[in-house]
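# What the coordinates show
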Amino acid sequence: MTKKLYIKTYGCQMNVYDTERMVDVMAHEGYTTTDKPDDADLIVLNTCHIREKAAEKVYSDIGRLRVMKQKQAKKGSKETILAVGGCVAQAEGAEIQRRMPVVDMVFGPQTYHRLPDMARRAHELKKQGEHPRIVDTDLSVSEKFAALSQKTVTPKKTAFLTIQEGCDKFCTYCVVPYTRGGEFSRSFEDVMKDAGKLNDAGVLEVTLLGQNVNAYHGMSAGGKEWSLARLIRHLADVTDFKRIRYTTSHPGDMTDELIAIHGEIEQCMPYLHLPVQSGSDKIVKAMNRHHTIASYLKTIEDIRKVRPDIALSGDFIVGFPGESDADFEETMKLVREVNYAQAYSFMYSERPGTPAAAWEDQVESHVKSERLAELQEELNRQQRAFNELSVGKVMPVLLERTGKQAGQLVGRSPYMQAVHVDFGNGETAAQNFGKLVDMKIISAGPRSLKGEFTT
Ligand code: 5AD
Ligand code: SF4
C-alpha cells in the first residue's frame, strides 16, 4: 500500500537538495508525496538552525502539527509519524522531544540514508501503542552520499548537485561546522555519476552545491585531486549542460584557477555569490573569516578583469559583537565600492555553542535593526539599478517554471535575475517551457525583469 510523505523544507539550497534525496529514498519504500500534512503517514520537517528565527519557526510549526495530531486522535483516523530532521535536529537532538513530546523522530543531516529504516521502526512502535522516540544525530558523512546518490531525476531543466558538505572554517558566529560537521568532498566519480544522470535527463542548468563549494577537493580513483575549477572545466567538456553555477563560495578559496574559468568557459555563468559579512577588517578578523577586506576587493577586481559583466552577490551580518558605528560605516563603504547585483543581509543572531554568542560586547537590538534598514536600503537600490541596466538588452532565459497568470512563464537570466514572460496564450507558453530562449528585457522591477520574444 502506498504511504504518504509530507516534507517541509526550511533554509538553504542544501536542504532543498536533501529534501529531494529524501523523497527519492522514500519513493523506494512506497511513499508518494503530499502537500497536505493531514493526509501524511510521515511528516518530515527539514530544518535550519542558522539564525534564531529559522529555528523558532520549527517549534511553532510543531505546535500547529500537535493540534492536528490531537484532532486525528479524537477522530480515530490515522496516526502520523512526526519527524524533525536537518540542522535543528542535529543541534538540539533529544532536547526537541523533551520540549515537544509529540515529535516521534529526530535525525540529523548526515543520517538521511537511514530514514527508511527509522520510519519502519517508528510505524512498528506506533502499531504496538508505543511512542517511538527515535534519535539519530550521527555526524559521519561518508556513507550518506553513496546511499543517496541521484535515484530519480525530476523532469526539471535545472538541478542542484551537492558536491561538498560541511565546513572547517569555524566562523565565530556560525553553527554550520557543528550541525553539518567537518568539510567533506564527494569523490570525482560519485559526482560524475550524478552529473551523468542529470545530463541524460536533459538538465540544462546545474548548480554545484556546498557550504564551502570552492574548497572542493574530491579525489578520483586514480588518486588525483580535483579542484572545483577542474571539475567545472570537465563538466563543461563532457556534458551538454548549457549553464554551470556554484554556491556558496568562501573568499579565501577563490583561487586564480577558479577566477580564470569565468573568463574561459562559456557555460560558467556570470554570477558569483561571495559573502564577505562585514566591511571592517576588525570585524572580519573577529569573525575568523581568514581574509581581509583588501584581499576580498582584489578577488573582485581580478574576476571583473576576466568577466567584466559578472553579477556579484553577497551575505552581510550587521551588529556582530563589537561592531561600532565606524565598523558599520566601513560595511556601507565596501557595499558602495563593490556595487552588488543582489545580496542577503541579516542581523547577527546569537547561536548557542558558537564562540561569539558568549562574548560580552553584544550590540543592542535597536542598533542592529537600524543598521540593517540602512544597509538594505542601499542593497535594494543597487539591485534596482542593476536590473534597470538590463532593460533593452537581449539575454538567454531558461524558462523553468509557470508564472502566477495563465500563459506566463518565469525563468532566470544568466545573472540569476527572475524574468517573467507573458506569452499571451497557454499553448505558446507550453511550447517554450523548459527551454533556453533569447528574450528582450522590456522592463525592470526591484526583484525581477519582464521579457518578450525578440523579433
Ligand atoms: N547570525 C546572523 N547571520 C548568520 N549567518 C550565519 N550565521 C549567522 C548568525 N549567527 C548568515 C551569514 C551566512 C549566511 C548563510 O547566513 O551571512 O553567510
Ligand atoms: Fe559558516 Fe563560516 Fe563555514 Fe560559511 S565559512 S559555513 S559562515 S563557518
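What comes next is a walk through the structure. (Residues numbered from 1 in each chain as written. Chains lettered and ligands numbered in written order. Predicted model: local features only at pLDDT ≥ 70, side-chain atom pairs only at ≥ 80, totals over all residues. Heavy atoms only, no water.)

## Topic: the overall build of the chain
Spelled out, the test is: Think of it this way: any DSSP run of H or I at least four residues long counts as a helix, any run of E at least two long counts as a strand, and we number them from the N terminus. Taken over C-alpha atoms, the radius of gyration is set against a globule rule of 2.2 Å times the number of residues to the power 0.38. We call a residue buried when its accessible area falls under 20% of the maximum for its residue type, exposed when it is over 50%, and partly exposed in between, using a 1.4 Å probe and counting protein chains only. Methods summary: accessible areas were calculated by the Shrake-Rupley approach with a probe of 1.4 Å, and residue burial reflects only the protein chains presented. Counted as positive: Lys and Arg. Counted as negative: Asp and Glu. His and the chain ends are not counted at all. One atom stands in for each charge, and that atom is NZ of Lys, CZ of Arg, CG of Asp or CD of Glu.
Of regular secondary structure, the chain possesses 15 helices and 21 strands. Taken against the 2.2 N^0.38 rule, which gives 23 Å for 455 residues, the C-alpha radius of gyration of the chain at 23 Å falls within 12% of a compact globule. Dimensions of the chain, computed from the C-alpha atoms along their principal axes, are close to 65 × 60 × 50 Å. A total of 455 residues make up the chain; the buried ones form 54% of that total. Only carbon and sulfur atoms are counted for the fraction: they give 51% of the accessible area of the chain, which is about 20,000 Å². Here the chain contributes 60 positive and 62 negative side-chain charges, whose respective centroids are spaced 5 Å apart.

## Here's the deal with the site of ligand 2
Rules: By convention in these notes, a residue is near a molecule or strand provided one of its non-hydrogen atoms lies within 4 Å of it. Charged means Asp, Glu, Lys or Arg here, nonpolar means Ala, Val, Leu, Ile, Met, Phe, Trp, Tyr, Cys or Pro, and polar covers whatever is left, Gly included.
Near ligand 2, the surroundings consist of Cys-167, Lys-169, Phe-170, Cys-171, Tyr-173, Cys-174, Val-176, Pro-177, Asn-212, His-250 and Arg-289. By residue class, the composition of the shell around ligand 2 is 7 nonpolar, 2 polar and 2 charged.

## Side note on the sheet that holds strand S21 (residues 448-453)
For the record, the criterion: Between any two strands, pairing holds if DSSP finds at least two bridges. Note on method: axes are straight lines fitted to C-alpha atoms, helices fitted across the in-contact stretch only, with angles between N-to-C directions ranging 0 to 180 degrees.
Around the barrel, which closes on itself, the 5 strands sit in the order S17-S18-S19-S21-S20 with mixed pairing between neighbours. Neighbour to neighbour, the strand axes of the sheet diverge by 55° on average, direction disregarded. Strand direction decides the pairing type here: strand S17 (residues 394-402) and strand S20 (residues 436-444), joined by 5 bridges, are antiparallel. Counterpart to Pro-396 in the pairing with S20 is Asp-438.

## Details of the pairing of strand S15 (residues 311-318)
Applied cut-off: A crossover gets the label right-handed when its path from the first strand over the helix to the second runs clockwise, viewed with the strands pointing away from the viewer.
Counting buried positions over the 8 residues of S15 gives 8, a clear majority of the element. Burial along S15 is two-sided: Ala-311, Ser-313, Asp-315 and Ile-317 and Leu-312, Gly-314, Phe-316 and Val-318, pointing in opposite directions, are all buried. In terms of strand pairing, strand S14 (residues 271-273) meets S15 through 3 bridges, oriented parallel. Residue pairing for S15: His-273 is matched across the bridge by Ser-313. The parallel pair S15 and strand S16 (residues 342-347), bridged by helix H13 (residues 325-338), forms a crossover whose chirality is right-handed.

## Some words on the packing of aromatic side chains
Selection rule: Aromatic pairs are defined between Phe, Tyr and Trp rings, using the six-membered ring for Trp, whenever the two ring centres lie within 6.5 Å; interplanar angles under 30 degrees are classed as stacked, those over 60 as edge-to-face, and all others as tilted. By definition here, charges over rings are those cases where NZ of Lys or CZ of Arg is within 6 Å of the ring centre and within 35 degrees of the ring normal.
In total, this model carries 9 aromatic pairs according to the counting rule given. Between Phe-423 and Phe-453, the aromatic rings sit 5.4 Å apart at their centres with planes inclined by 75°, giving edge-to-face as the arrangement. In this pair, Phe-423 is assigned in the loop between strand S19 (418-422) and helix H15 (426-432) and Phe-453 in strand S21, connecting sequence segments 30 residues apart. Classification of Phe-423 by relative accessible area gives buried; the value is 10%. Residue class for Phe-453 comes out partly exposed when judged on its relative accessible area of 36%. Members of the aromatic cluster, each reached through a chain of ring pairs, are Tyr-173, Phe-320, Tyr-348 and Trp-359. The positively charged end of Arg-21 is found above the aromatic ring belonging to Tyr-17, 4.7 Å away from the centroid. Lying over the aromatic face of Trp-226, Arg-230 brings its terminal NZ or CZ to 4.4 Å of the ring centre.

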